[in-house]
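Observations on the three-dimensional arrangement
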Amino acid sequence: MAETLTYTWEGKNRAGKTIRGESTANNLEAVRAELAKQGVMPKPGKIKVKKKSMFSKGKKIKPKDIAVFSRQLATMIKAGVPMVQAFDIVGQGHSNPNMASLIFKIKSEIEAGNTLANALRSHPMYFDDLFVNLVDAGEQSGALETLLEKIATYKEKTEALKGKIKKALTYPISVLVVACIVTAILLIFVVPTFADMFSSFGADLPAMTLMVVHLSEFVIEWGWLILIVIATTITALIQTHKRSRKFREFMDRVSLKIPAFGPLMFNSAIARFARTLATMFAAGVPLVEAMVSVAGAAGNSVYTKDIMRVRDDISAGTTLQASLSYNKELFPNMLIQMVGIGEESGALDEMLSKVAEYYETAVDDAVDNLTALMEPLIMSFLAVVIGGLVIAMYLPIFKMGEVVTGK
C-alpha cells in the first residue's frame, strides 16, 4: 500500500469564495481529483497544492491529546455521525497540527477499507494494545460507541492519575533545582567577593567561613567536571533503566518502599490495575487475554511481572481472587475481597470500578500528604543550605564588629 501523505491547498469554491484546507492522498493527482469533485476551482495559476511533512510542525502529540480524541470520537459516533465524517470534524477542529495530521491519516486508512482497529494498530506510538483491542472488540460486537465511551473514560482517568503523580513530584524537584542553582551562583560569584574582602582583614577566619571559601574554590575550579559527572550519571541511570529489566524491577521495588512516596506509587498501581481490568472485562475481553494489556498498563515492572504470573495462574484454572491472594504484599485485601465478590456475583467489572475509584481517591490523599510533608522539609533544606552560606559569609564581619566595640 502506497504511503498516504497530507497536502494543504487553496482555491475557490463554486460561490467564488477563497477557501483553504487539507487533504490526504497517495499523490498530488489524487488531491486534484478530490478537489474537483468538491467543486474547488483554482485561481488562475495560483492553486496551492503542496506536500505537508507529517509531524514536522506543531506540538508533540501527548497522551492527553489521545484522551480528548477518544472522547470526541465517542461522542460523534454515539450521536450517529458517520465515522469518516466524524474524523473530518474532529481533525479540522483540533488545535495541534500534528494530532490533526494523525487523525486525517487514520481517516484515509479507513476510507481505503481498513477497520478502525487496524488503522489505529498502524500507529502503536499513540494507540497501545489496550486501546486497539477494545476498539476491535467494539467493532466485532457491534457496540463500538459503547466501547469508545469506555475507552474515553479510561484514558481520562488514567491521565488524571498521571497528572496527580506529576503534581506530587514537580513541586519538590523544582524547588531543589532552584536551590541548587542559587547555591551555585552564591559559591561562584558571591563568595569569592567576600573572600577577597576577608583577605585584607589579616585575621583568622571562622571555621565555617573557611569551609565555605574552600568549597567555593573547589566549585570554581572543578565545577565543569561536577556538571559532567552529574549529567553522565543521570544519562547512565536513564539508559540502564531503559535497557535493564533487573534494574527497572529493583528501582520500582525500591520506589514502593520509600516513606511517604511509596504509598503514592502503591495506590496508583492498584488504581491502574483495577481501572484497566474493569474496562477490558466490561468490553467482553477474555480474562486471560485482558491480563496482558493490564500488565502493560501497570506502570511498575514489579506489578507487570506479577500480573503475568496471575495470568498464568488463571490459564491453569485458578480463580482471579485465589491468584491475587498469593501475593498480598502487592495486592491489598480490599482488592482481593472485592474481586471475590465480583466473581461470585458476576459483576467483576463493577467491583473493580469501585476499587479503582477508591484507590484514585487514595492517590489524591497521598498527593496532599506528600505535599504537606515536603513543604517543611524543603523549607528546612533551604534554611540550612542558603542560610548557612549567608551566615558563614557574615560571621567574620560580626567578629570584626565585636573587636571594634570591645565586646
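Fair warning: this is a prediction, and the values are worked out from it, not measured in the lab.

Attention now moves to the layout of surface pockets. Each pocket or cavity is described by its volume, and for the largest pocket that value is around 1,200 Å³. Surrounding the largest pocket, 37 residues form its lining, Lys162, Lys166, Met265, Arg272 and Gly299 being those nearest its centre. Elements that contribute at least two residues to the lining of the largest pocket include exactly helix H2 (63-78), helix H6 (129-141), helix H7 (144-199), helix H8 (207-243), helix H9 (245-255), helix H10 (261-282) and helix H11 (287-296). Taken together, the residues of the lining of the largest pocket sort by class into 19 nonpolar, eight polar and ten charged. Surrounding the second largest pocket, 15 residues form its lining, Cys180, Ala184, Val219, Ile226 and Leu227 being those nearest its centre.

Moving on, we get to the packing of aromatic side chains. Aromatic ring pairs are reported here in terms of the distance separating the ring centres and the angle at which the planes meet. Under the definition given, this model contains eight aromatic pairs. Relative to Phe131, the ring of Phe127 has its centre 5.1 Å away and its plane inclined at 65 degrees; by these criteria the two rings are edge-to-face. Pair check on accessibility: Phe127 and Phe131 agree, each one buried. Members of the aromatic cluster, each reached through a chain of ring pairs, are Phe69, Phe87, Phe127 and Phe131.

On to H10. Here H10 contains 22 residues, and its C-alpha end-to-end distance of 32 Å stays within 8% of the 32 Å for a straight helix at 1.5 Å per residue. Among the 22 residues of H10, 18 are classified as buried, and the element is accordingly described as predominantly covered. Gly284 lies just past H10 and shows a positive phi near 85 degrees.

Let us look at the confidence of the model for the chain. Regions with low pLDDT should not have their predicted coordinates read in detail. Looking at the chain as a whole, the pLDDT averages 82, with 87% of positions reaching at least 70. Looking at the elements of the chain, mean pLDDT is at its lowest for strand E3 (residues 50-52), recorded as 50, and at its highest for helix H13 (residues 320-325), recorded as 93. Contacts for the low-pLDDT stretch residues 52-56, under 50 throughout, to residues beyond four places or in other chains number 15 contacts.

Calculation notes
- Residues numbered from 1 in each chain as written.
- Predicted model: local features only at pLDDT ≥ 70, side-chain atom pairs only at ≥ 80, totals over all residues.
- Heavy atoms only, no water.
- 1 Å grid on protein atoms, 1.4 Å probe; cavity = no way out; pocket = protein on both sides within 12 Å on 5 of 7 lines; lining within 4 Å.
- Points joined across faces, edges and corners; volume = space filled by probe spheres on them.
- Helix = DSSP H or I, 4+ residues; strand = E, 2+ residues; numbered from the N terminus.
- Nonpolar A, V, L, I, M, F, W, Y, C, P; charged D, E, K, R; others polar.
- Phe/Tyr/Trp six-rings, centres within 6.5 Å; stacked < 30°, edge-to-face > 60°.
- Buried < 20%, exposed > 50% of the residue type's maximum accessible area, 1.4 Å probe, protein only.
- Expected span 1.5 Å × (residues − 1).
- pLDDT = per-residue confidence, 0-100.
- Contact = heavy atoms within 4.5 Å.

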